[in-house]
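Reading the structure
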Amino acid sequence: MKKKARIAVFISGNGSNLQAILDATRKQVLRHGQVELVVSSNADAYGVVRARQAGLPVAIIRGKDYATQDEYDNALIRAMGDYRIDLIVLAGYMNILSARFVSQYPQRIVNIHPSLIPAFSGKGYYGIKVHQAVVAAGVKISGATVYYVTDVCDGGKILAQEVVPVYDTDRPEDVQHRVLTQVEHVLYPRVIERLSEEIVGN
Ligand code: GRF
């Protein structure tokens, strides 16, 4: 195998998508990319435990530790340079990256959002709030979207979407669980493999 795309996964919480990406390497779904670094905005995130269990370096980089946005950005940019990162994968990362940071990595930052963008997306739609809104609206389908991160919240080019049913008896937590396990954990590693293959050029 030739060179692999060097991936950084940015997390803030449970890290189940991080886990799915790591499992995809073991299962050979992810073959053209390799997670080289996990960046967490939260030292206590369970995703940090998962990363350490996998033997991965973890960088805890928190906005509150820096006096200015520029210094914070510089810390992130430095980490990307130190690990020669080709692809930044946001997976439950609860910070909005600055326009300055994002502009450094055009089409090299991806995110997954737990709805069918443009529905239930943008400012204020995160975590269980997304699924509460889905249930309140009474829609019959939901899903997840993988897209390129730009400086418009949830507004970058869509790379992939997949759908799950929403049942009348569903609670928001049921939709969240269905979207996460049936779509996110399967779709995200596949898209990351596709992008990694493009990056390494074979
Ligand atoms: C996922 O639902 C993802 O779509 C959203 O945040 C959640 C992260 O879950 N951006 P996890 O930390 O990967 O378990």
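Residues numbered from 1 in each chain as written. Predicted model: local features only at pLDDT ≥ 70, side-chain atom pairs only at ≥ 80, totals over all residues. Heavy atoms only, no water.

Notes on the UniProt feature "domain: Formyl transferase N-terminal" (unreviewed entry) in the chain
Following the UniProt record, the feature "domain: Formyl transferase N-terminal" (unreviewed entry) maps to residues 6-192 here. Split by type, residues 6-192 is 37% helix and 22% strand. Its first and last C-alpha atoms lie 11 Å apart. (UniProt positions renumbered as here; feature names shortened; annotations may be inferred. Helix = DSSP H or I, 4+ residues; strand = E, 2+ residues; numbered from the N terminus.)

Focus on the sheet that holds strand β7 (residues 158-165)
Strand order across the open sheet formed by 7 strands is β3-β2-β1-β4-β5-β6-β7, with mixed pairing between neighbours. With one partner strand each, in any of the chains shown, β3 (58-60) and β7 form the two edges of the open sheet. Neighbouring strand axes in the sheet, compared pairwise and without regard to direction, differ in orientation by 20° on average. Against the sheet, helix α2 (residues 46-53) makes contact with β1 (5-11), β2 (33-40) and β3, and its axis sits at roughly 150° relative to β3, the strand it touches most. Docked against the sheet, helix α6 (residues 172-200) engages β1, β2, β4 (87-90), β5 (109-113), β6 (141-148) and β7, running at close to 155° with respect to β7. (Pairing = 2+ DSSP bridges. Axes fitted to C-alpha atoms, helices over the stretch in contact; angles between N-to-C directions. Contact = heavy atoms within 4.5 Å.)

As for unusual backbone geometry
The bulk of non-glycine residues show a negative phi, and the bulk of peptide bonds are trans. With omega at 15°, the peptide bond leading from I117 into P118 counts as cis. Its place among the elements puts P118 in the loop between β5 and α5 (128-137). Residue F120 is not a glycine yet carries a positive backbone phi of 50°. With respect to the element layout, F120 can be found in the loop between β5 and α5. On the basis of relative accessible area, F120 is assigned to the buried category, the value being 17%. Not every positive phi belongs to a glycine, and D154 is a case in point at roughly 60°. Looking at where D154 falls in the secondary structure, it is placed in the loop between β6 and β7. (Buried < 20%, exposed > 50% of the residue type's maximum accessible area, 1.4 Å probe, protein only.)

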